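# Working through the structure, step by step
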Amino acid sequence: PQRIPAYAELTVGENLDWAARLRGLRGAALDEAVEAVLHQVQLGEYRRRLAGRLSAGMAQRLGLAQALVHKPAILILDEPTAGLDPLQTEQIRELLAGLDAGTSIILATHLLDDVQRLCNRVILLEAGHKTAEHEVTTATNLHAYFQRRATAQTAEPAA
């Protein structure tokens, strides 16, 4: 979610421990999962920092760590780079692009740059209905594709 579901009065480590326990992890498996995800999202040195004292970028990483701690098959993200500065945005994009091939990402965003960097398929929804679908490659110009669609839709005569 855009707002990270972390307890401000708990540390980064405590929040991750809580998230891992919610997913059924216990004992050594829990400790290993928390260590691995702290390393993965580059929050190891902030393990003892209160979540309420994290910058926006670090809080976003904590939210991702909570979602990743149990190695999900599907990761659903809502605007993962919204409100971040350019450096934090790039760090989150790199983190997501580097996820295991076994994790599929469903990304809700209006930022075509995120789609271009992170997705291999884009589906456009309007009022909950699919209005377009397009493959995404490094050669895809999503801005031009959606501009052509918008132009074509406004040129259609009303029925």
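See the structure shown above.
Presented here is a report on the structure given in the accompanying data block. Sequence order as written defines the numbering, with residues in each chain counted from 1. Totals for whole chains, interfaces and linings use every residue, but because this is a predicted model, local features are given only for residues with pLDDT of at least 70 and side-chain atom pairs only at 80 or more, for both listing and counting. Side-chain metrics rest on all non-hydrogen atoms present in the structure, leaving aside hydrogens and water.

Strands are runs of DSSP state E lasting at least 2 residues, helices are runs of H or I lasting at least 4, and numbering of each runs from the N terminus. A helix is expected to span 1.5 Å for every residue after the first. Compared with the 20 Å implied by 1.5 Å per residue over 14 residues, the 20 Å span of helix α2 (residues 27-40) between its first and last C-alpha is a close match. Residue exposure (1.4 Å probe, protein chains only): buried if accessible area is under 20% of the type maximum, exposed if over 50%, otherwise partly exposed. For α2, the full list of buried residues reads Leu30, Ala33, Val34, Val37 and Leu38. The buried residues of α2 all sit within an arc of 130 degrees when viewed along its axis, so they share a single face. Those residues of α2 that are exposed and angled more than 90 degrees off the buried face are Ala28, Glu32 and His39. The criterion used for residue contact is that any of the two residues' heavy atoms lie within 4.5 Å. For α2, the elements touching its buried residues are α1 (12-22) and α3 (56-68). By definition, the arc is the one covered by directions from the helix axis to the C-beta atoms.

Whenever Lys or Arg places a side-chain nitrogen within 4 Å of a carboxyl oxygen from Asp or Glu, that contact is recorded as a salt bridge. Inspection of every chain in the model, using the stated rule, returns 6 salt bridges. As a salt-bridge pair, Arg93 and Asp114 come within 2.5 Å of each other at their nearest N and O atoms. Highlighted residues: Arg93 in helix α4 (residues 86-97) and Asp114 in helix α5 (residues 112-118), separated in sequence by 21 residues. Note on Arg93: relative accessible area 12%, which makes it buried. Notably, a salt bridge pairs Glu133 with Arg121, separated by 3.4 Å at the nearest N-O pair. In this pair, Glu133 is assigned in strand β4 (residues 129-135) and Arg121 in strand β3 (residues 121-126), connecting sequence segments 12 residues apart. Because the salt bridges share partners, they merge into one network encompassing Arg121, Lys130 and Glu133.

Attention shifts here to the packing of α1 against α3. With their axes 8 Å apart at the nearest point, α1 and α3 run at an angle of 30 degrees to one another. It follows that α1 is roughly parallel to α3 by the angle criterion. For α1 against α3, the interelement crossing comes out right-handed. Within the contact between the two elements, α1 uses Val12, Asn15, Leu16, Trp18 and Ala19 and α3 uses Leu62, Ala65 and Gln66. Simply put, an axis is a line fit to the C-alpha atoms, just over the touching stretch for a helix, and the angle between two N-to-C directions goes from 0 to 180 degrees. Every angle not falling under 35 degrees, over 145, or within 65 to 115 is termed oblique; those three ranges are roughly parallel, roughly antiparallel and roughly perpendicular. Here a crossing is called left-handed whenever its near helix is offset anticlockwise from the far helix by less than a right angle, and right-handed whenever the offset is clockwise.

Keep in mind these numbers describe shape, not what the thing actually does.
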